[in-house]
Amino acid sequence: AGNTPMSPSALHSPALQRLGLQFYPTFVQLVSGSPRASLPSSYVVCSEDQAVHVSHQEIMAARCRARHLLQSSHSPFLSKPKELAQIIAGVALPK
């Protein structure tokens, strides 16, 4: 993990120490219903994401009621925490 404008190396180590496994059943278990049908939903498209292509993010964002664009890496809570907090606050506390 090199030092990039989106995710400085100083942030990587503490974040990596907190990573855990994602269990296989979360990928294959059957689900029913969609919370998006009854709850407001938003998607933050991260334009500098190198893990999930922007075009795929746009597909997921189209399923939500609101779409937000952030010039950020895959982990905006690390690379753009203030900007992400502003988006979340705007969704949670609309004017």
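Definitions and cut-offs
- Residues numbered from 1 in each chain as written.
- Predicted model: local features only at pLDDT ≥ 70, side-chain atom pairs only at ≥ 80, totals over all residues.
- Heavy atoms only, no water.
- Helix = DSSP H or I, 4+ residues; strand = E, 2+ residues; numbered from the N terminus.
- Buried < 20%, exposed > 50% of the residue type's maximum accessible area, 1.4 Å probe, protein only.
- Contact = heavy atoms within 4.5 Å.
- Areas by Shrake-Rupley, 256 points an atom, 1.4 Å probe, with all protein chains shown as cover.
- Pairing = 2+ DSSP bridges.
- Right-handed = clockwise from strand over helix to strand, strands pointing away.
- Patch = residues over 30% accessible without salt bridge, like charges linked within 9 Å, V, L, I, M, F, W, Y side chains within 5 Å.
- Salt bridge = Lys/Arg side-chain N within 4 Å of Asp/Glu carboxyl O.
- pLDDT = per-residue confidence, 0-100.

**Q** Which residues make up the overall build of the protein chain, and what are the values?
**A** If you tally the helices and strands in the protein chain, you get 5 helices and 2 strands. Shown N-terminal to C-terminal, the secondary structure of the protein chain runs as helices and strands in the order α-α-β-α-β-α-α. The 95 residues of the protein chain split such that 20% are buried. Within the protein chain, counting contacts between residues at least 6 apart in sequence, those at least 24 apart form 47% of the total. Split by element, the accessible area of the protein chain, about 7500 Å² in all, is 61% carbon and sulfur.

**Q** Could you give an account of the side chain of S41, naming the residues involved and the relevant values?
**A** Its location among the elements puts S41 in the loop between α2 (25-28) and β1 (42-46). Exposure remark for S41: the relative accessible area of 13% places this residue in the buried category. Ignoring anything within four residues of it in the chain, the contact list for S41 reads R36, R63, C64, R65 and A66.

**Q** Which residues make up the pairing of β1, and what values go with them?
**A** Successive side chains on a regular strand alternate, one facing one side of the sheet and the next facing the other. Taken together, the 5 bridges between β1 and strand β2 (residues 66-70) define a ladder with parallel strand orientation. The residue of β2 that forms the bridge with V44 is H68. On the question of chirality, the crossover connecting β1 to the parallel β2 by way of helix α3 (residues 54-62) is right-handed.

**Q** A description of a nonpolar patch on the surface should follow, citing residues and the corresponding values.
**A** Taken together, the side chains of Y24, F27 and V28 present a nonpolar region at the surface, about 370 Å² in accessible area. Within the element layout of this structure, F27 appears in helix α2.

**Q** Before we move on, can you summarise the confidence of the model for the protein chain with the specific residues and values?
**A** Caution is warranted with low-pLDDT regions, since their predicted coordinates should not be read in detail. With 88% of its residues at a pLDDT of 70 or more, the protein chain shows a mean pLDDT of 86. By mean pLDDT, helix α1 (residues 9-17) is the weakest element of the protein chain at 73, and β1 is the strongest at 97.

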